[in-house]
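# Observations on the three-dimensional arrangement
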Amino acid sequence: MPGALPWGYTQGMELIRPLLLGLFVGMAFHRLGLPGGAVVGAMLGAGLYQALSPAPAPTPAGLDLAAQLLARAAVGLSFRRELLEGWLLPWAALAALGFLVLALALALVYARFLGISPHTLFFALSPGGITGMGPLSRAEGGDAGLVGLFHTVRVFLVFLLVPLLARLLSPNHR
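Residues numbered from 1 in each chain as written. Predicted model: local features only at pLDDT ≥ 70, side-chain atom pairs only at ≥ 80, totals over all residues. Heavy atoms only, no water.

### Describing the overall build of the chain
A tally of helices and strands in the chain yields 8 helices and 0 strands. Starting at the N terminus and walking to the C terminus, you meet the elements of the chain as α-α-α-α-α-α-α-α. Of the roughly 12300 Å² of accessible surface on the chain, a fraction of 73% belongs to carbon and sulfur atoms. (Helix = DSSP H or I, 4+ residues; strand = E, 2+ residues; numbered from the N terminus. Areas by Shrake-Rupley, 256 points an atom, 1.4 Å probe, with all protein chains shown as cover.)

### Topic: the side chain of S53
Note that S53 resides in the loop between helix 2 (37-52) and helix 3 (63-76). The buried category is assigned to S53, whose relative accessible area is 15%. Only 3.1 Å separates the side chain of S53 from the backbone oxygen of A55, close enough to count as a polar contact. (Buried < 20%, exposed > 50% of the residue type's maximum accessible area, 1.4 Å probe, protein only. Polar contact = N/O pair within 3.5 Å; in protein donor to acceptor, adjacent residues only side chain to side chain.)

### Description of the packing of helix 2 against helix 8 (residues 144-169)
Angle between the axes and distance between the axes: these two values describe a pair of packed helices. Between helix 2 and helix 8, whose axes approach to 9 Å, the crossing angle comes to 145 degrees. The hand of the helix 2/helix 8 crossing is left-handed. Residue-level inspection shows V39, V40, M43 and L44 of helix 2 in contact with helix 8, the latter providing T152, V155, F156, F159 and L160. Here the contact of helix 2 with helix 8 is built from residues that sort into 8 nonpolar, 1 polar and no charged. (Axes fitted to C-alpha atoms, helices over the stretch in contact; angles between N-to-C directions. Left-handed = near helix turned anticlockwise from the far one by under 90°. Contact = heavy atoms within 4.5 Å. Nonpolar A, V, L, I, M, F, W, Y, C, P; charged D, E, K, R; others polar.)

### Structural notes on the packing of aromatic side chains
For the structure shown, the criterion picks out 1 aromatic pair. With a centroid separation of 6.3 Å and an interplanar angle of 65 degrees, the aromatic rings of F122 and F123 are classed as edge-to-face. (Phe/Tyr/Trp six-rings, centres within 6.5 Å; stacked < 30°, edge-to-face > 60°.)

### Quick look at the pattern of salt bridges
Counted by the stated rule, this structure contains 1 salt bridge. A salt bridge links R80 to E82, with the nearest nitrogen and oxygen atoms 2.8 Å apart. For R80, a relative accessible area of 43% gives the class partly exposed. Look at E82 and you get partly exposed, because its relative accessible area is 45%. (Salt bridge = Lys/Arg side-chain N within 4 Å of Asp/Glu carboxyl O.)

### Considerations on helix 2
With 16 residues, helix 2 should reach 22 Å at 1.5 Å per residue; the first-to-last C-alpha distance of 21 Å fits that figure. If you check which residues of helix 2 are buried, you get G37, V40, G41, G45 and Y49. All buried residues of helix 2 project into a common sector of 155 degrees when viewed along the axis, lining one side. (Expected span 1.5 Å × (residues − 1). Arc of directions from axis to C-beta.)

### Brief notes about a nonpolar patch on the surface
On the surface, a nonpolar cluster with roughly 970 Å² of combined accessible area is contributed by V75, F79, L83, L84, W87, L88, L89, W91 and L94. Secondary-structure elements contributing two or more residues to the nonpolar patch are helix 4 (81-84) and helix 5 (88-114). Here the nonpolar patch takes 4 residues from helix 5, the largest share from any one element. Turning to its location among the elements, L94 is positioned in helix 5. (Patch = residues over 30% accessible without salt bridge, like charges linked within 9 Å, V, L, I, M, F, W, Y side chains within 5 Å.)

### A few points about the side chain of H151
Mapping H151 onto the fold places it in helix 8. Among the polar contacts made by the side chain of H151, one reaches the main-chain carbonyl oxygen of G128 at a distance of 3.4 Å.

Have a look at this one:
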């Protein structure tokens, strides 16, 4: 049927519970003022539903893409011309390259201790998003599940710790 959703009505209905739980926990964490509350809470709510449910909701094809497009468009709305001019762009590129070198070094070290392919670990330790690095790893022959686990843990820790650490750097904190 032209214009039909790539998933059926039943699958769509099964998604309502984990999505609503994710939205509820995300909003609750946000209202409580927890660092990264909306993002961490939404992931935690939907993730707990999926992990604890006897029949987890299926993830419809295209849902990740739609979420990524909306999130990236929202980030793009915050760009300004002056951010792309002058000295900031080279420093951003240098920081990204530095993190990639660090990820490569850690992948080689972790591989020795964990017995996991350094190829997969490189994707797991590289900067990037959960929904982007897993599929990229799979396309390159890596373990997308392991990459997703590493990035999920990273996102939870970063969203919880970075705001707290940033408060220590704030001139108002002293």
